[in-house]
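# Summary of the model geometry
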Amino acid sequence: MSLFSIMISTILVNNYVFARFLGICPFLGVSNKMETATGMGIAVTFVTTLASVITYTIQKTILDTLGLQYLQTIVFILVIASLVQFVELALKKMSPTLYSAMGVYLPLITTNCIVLGVAILNIQQELNLIQTATSAIGASLGFFLALVLIASLREKMDIADIPEALVGFPITLIAAGLMSIAFAGFAGLV
Amino acid sequence: MTNIINPVVVLGGLGLLFGVLLSIASKIFVVATNPKVEEVLGVLPGANCGACGYPGCAGCAAAIVEGRAPTTACTIGGAKVAANVANVMGVNAGTFDKKVAVVKCQGDCDKAKDKYIYQGIADCRIQSTLAGGQKECTYGCLGCGTCFDVCKFNAIRMIDGIAVVNKENCTACNACVLACPKNIIELIPYDSTAVVKCMSQDKGKDVRGYCSTGCIGCQICVKNCPVDAFTFENNLARINYDKCIDCLICVEKCPTNAIDNMSIVSEKFAKEFAN
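## Topic: the overall build of chain A
- Looking only at helices and strands, chain A has 9 helices and 0 strands in total.
- Across chain A, helices and strands are ordered from the amino to the carboxyl terminus as α-α-α-α-α-α-α-α-α.
- Taken over 190 residues, chain A has a buried fraction of 47%.
- Taking as baseline every contact in chain A between residues at least 6 positions apart, the subset at least 24 positions apart corresponds to 77%.

In structure tokens form, the structure reads like this:
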């Protein structure tokens, strides 16, 4: 697979939110406002890319050579949790503005299943290091796209005249479902 | 045996490695925080309402400690919180200026002419995107009650198509000021009396054409004010509340009654707010 097709595949065709249904919690949780959605998107992009590269290295150098593939999940979680912690520390020192912009969303990424999902799927698909990084960037950009799309819709829906029973999450879920169907139209692109 | 030892060593080793790395990182990336920020945060209300203009109480506390905000920055908390904050900061409390929101428009259904009949979603933010709203006056209150919706303190009523603030309930939280798409809600000192209730910057002739109670820029108030509290720019009179002595001469003299006496208004609408 060429890097370009990996990119298109992870952003549009196999969008992690709309096609694989991973990361639904932050997708619904932080999509109230455009501002927070963007912050979360940037934070996820950053952490997913780093985590994928590091987990790939650990998988190849330690787990595969010792035949400990069954430890994959727990080791990856360990890596992601430490990485998020590290990024938080570093960001607080180096860029307080970015740190306060991301705020509470940074530690929340630890439990974002996209980060773990991307890392594990990359190993399963037997990608090499460059492909892994590309796929991780694509996946998080796809998540970013989904988050920004739904946030811009929700900002409009907030002031729209919606039947009382559907106000809030119900209408958001309907919108997300419709958007998922729309994304199904990308199938066969790659 | 290696089947047991290997996973333990790998997992334990990785955990130890990351733990050490993180503890080193926390030493390298240590950020000195002023302990006063925590103390100030402790005496703030903690509602994270954002009325002070900072992102939450933590942001406000940091701003106060760094001197970017006065000790009276918390408008919701009032004099009590301001005194506590001043206590923590070790400065004199100073006087807390209680404020109140006022809707600077009186062009209700009878007084202001309509440009068209709006039948869309009842929200001023949406109405204002449609040729500036249904009123011929492009500055006035649209009357859809967006400020009423955002008011958490039951201080705003829609009366004859105009938003009116109840002085007693208003906490000057700034929510309506931010929500109003026409920017006609303002915070003024609580004990002020005379208020120019018009925001129109059109020429007097035009204002006369579409509203019977707008500021027509005649400057009678400016000429009659004994303390020169009025400034006049962009065809609109403004009151400087540092100078105003509440003589109410301007209220009397204004030919279109665009200048209103705040204390009477609250009595006039007391019945509306009672229910």
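## Description of the pattern of salt bridges
- Enumeration over the complete set of coordinates arrives at 6 salt bridges over all chains.
- Here Asp64(A) and Lys60(A) are joined by a salt bridge, their closest N and O atoms 3.7 Å apart. Here the residue Asp64(A) and the residue Lys60(A) both occupy positions in helix H3 (residues 34-66), the gap between them amounting to 4 residues, near one helical turn.
- We classify Asp64(A) as partly exposed; its relative accessible area is 29%.
- A relative accessible area of 35% means that Lys60(A) is categorised as partly exposed.
- One salt bridge in this structure joins Glu186(B) and Lys104(B), with 3.4 Å as the shortest N-O distance.

## With respect to the packing of H3(A) against helix H7 (residues 113-124) of chain A
Residue and element names in this part refer to chain A.
- Where H3 meets H7, the axes come as close as 9 Å, and the angle between the chain directions of the two elements is 40°. Comparing the axis directions of H3 and H7 gives the class oblique. When you trace H3 past H7, the crossing you get is right-handed. Packed against H3, whose contacting residues are Val47, Thr48, Ala51, Ser52, Thr55, Tyr56 and Gln59, the element H7 presents Val115, Val118, Ala119, Asn122 and Ile123 at the interface.

## What to know about unusual backbone geometry
Residue and element names in this part refer to chain B.
- Of note in the backbone geometry, alanine 131 takes a positive phi value of approximately 55° without being a glycine.
- Within the fold, alanine 131 resides in the loop between helix H5 (124-127) and helix H6 (146-150).
- At leucine 248, a residue that is not glycine, the phi angle is positive and equals roughly 65°.
- On the secondary structure map, leucine 248 appears in the loop between strand E7 (236-239) and helix H10 (249-253).
- Take leucine 248: its relative accessible area is 23%, and that puts it in the partly exposed class.

## Some words on the side chain of Arg154(A)
Residues and elements named next belong to chain A.
- In this fold, arginine 154 is placed in helix H8 (residues 129-158).
- Lacking a salt bridge, the buried arginine 154 has aspartate 158 as its closest oppositely charged neighbour, with an N-O distance of 5.9 Å.
- For arginine 154, the side chain forms a polar contact with the side chain of asparagine 32, separated by 2.8 Å.
- Aside from chain neighbours lying at most four places away, what touches arginine 154 is Leu28, Ser31, Asn32, Phe169 and Thr172.

## Re the interface of chain B and chain A
- Listed by partner, the interface residues are 19 residues for chain B and 22 residues for chain A.
- Interface area, chain B with chain A, both sides summed: about 1,700 Å², of which 86% is carbon and sulfur.
- Remark: the boundary between chain B and chain A carries 0 salt bridges.
- Our count for the chain B to chain A interface comes out at 1 residue pair in polar contact (both at pLDDT 80 or more).
- When contributions to the side of chain B that touches chain A are tallied by element, the ones reaching two or more residues are helix H1 (2-28) and H5 of chain B.
- If you tally residues by element for the side of chain B that touches chain A, the top one is H1(B), at 12 residues.
- A class-by-class count of the residues in the side of chain B that touches chain A yields 13 nonpolar, 4 polar and 2 charged.

## Let's talk about the nonpolar core
- Formed by 55 residues in total, the largest nonpolar core has its most connected members in Phe27(A), Met40(A), Val75(A) and Ile109(A).
- Counting residues per element, this core draws most heavily on H3(A), which supplies 9 residues.
- Contact partners of Phe27(A), with chain neighbours within four places excluded, come to Val17(A), Phe18(A), Phe143(A), Ala146(A), Leu147(A), Ile150(A) and Ala176(A).
- Membership of the second largest hydrophobic core comes to 24 residues, among which are Val103(B), Ile162(B), Cys170(B) and Ile184(B).

Rules and cut-offs
- Once a new chain begins, its residue numbering starts again from 1 and follows that chain's sequence as written.
- To label them, take the chains in the order written and letter them from A, then take the ligands in the order written and number them from 1.
- Where local features are concerned, this predicted model is filtered to residues with pLDDT of at least 70; where side-chain atom pairs are given and counted, the filter is 80 or more; whole-chain, interface and lining totals use all residues.
- Just so you know, side-chain values use all the structure's heavy atoms and leave hydrogens and water out.
- Numbering of helices and strands runs from the N terminus, with a helix taken as a DSSP run of H or I at least four residues long and a strand as a DSSP run of E at least two residues long.
- Exposure categories follow from relative accessible area, calculated using a 1.4 Å probe and restricted to protein chains: below 20% of the type maximum is buried, above 50% is exposed, and the middle band is partly exposed.
- Whether two residues are in contact is decided by their heavy atoms, any of which lying within 4.5 Å being enough.
- By definition, a salt bridge exists where a carboxyl oxygen of Asp or Glu is found within 4 Å of a side-chain nitrogen of Lys or Arg.
- To get an axis, a line is fitted to the C-alpha atoms, and for a helix only the part in contact is used. The angle between two axes follows their N-to-C directions and goes from 0 to 180 degrees.
- By the definition adopted for this analysis, an angle is roughly parallel if under 35 degrees, roughly antiparallel if over 145, roughly perpendicular if from 65 to 115, and oblique otherwise.
- What makes a crossing left-handed is the near helix being turned counterclockwise from the far one by less than a right angle; a clockwise turn instead makes it right-handed.
- His is not counted here, nor are the chain ends, while Lys and Arg score as positive and Asp and Glu score as negative.
- As used in this structure description, the phrase polar contact means that two N or O atoms lie within 3.5 Å; if the pair is within protein, one of them must be able to donate a hydrogen and the other to accept it, and residues adjacent in sequence are counted only when both atoms belong to side chains.
- Buried area is calculated as the accessible area (1.4 Å probe) missing from two parts once they are joined, with the contributions of both summed.
- All residues other than Ala, Val, Leu, Ile, Met, Phe, Trp, Tyr, Cys, Pro, Asp, Glu, Lys and Arg, Gly among them, are scored as polar; the first ten of these are nonpolar and the last four charged.
- As used in this record, nonpolar core signifies buried Ala, Val, Leu, Ile, Met, Phe, Trp, Tyr and Cys residues forming a set joined through side-chain atoms within 4.5 Å.

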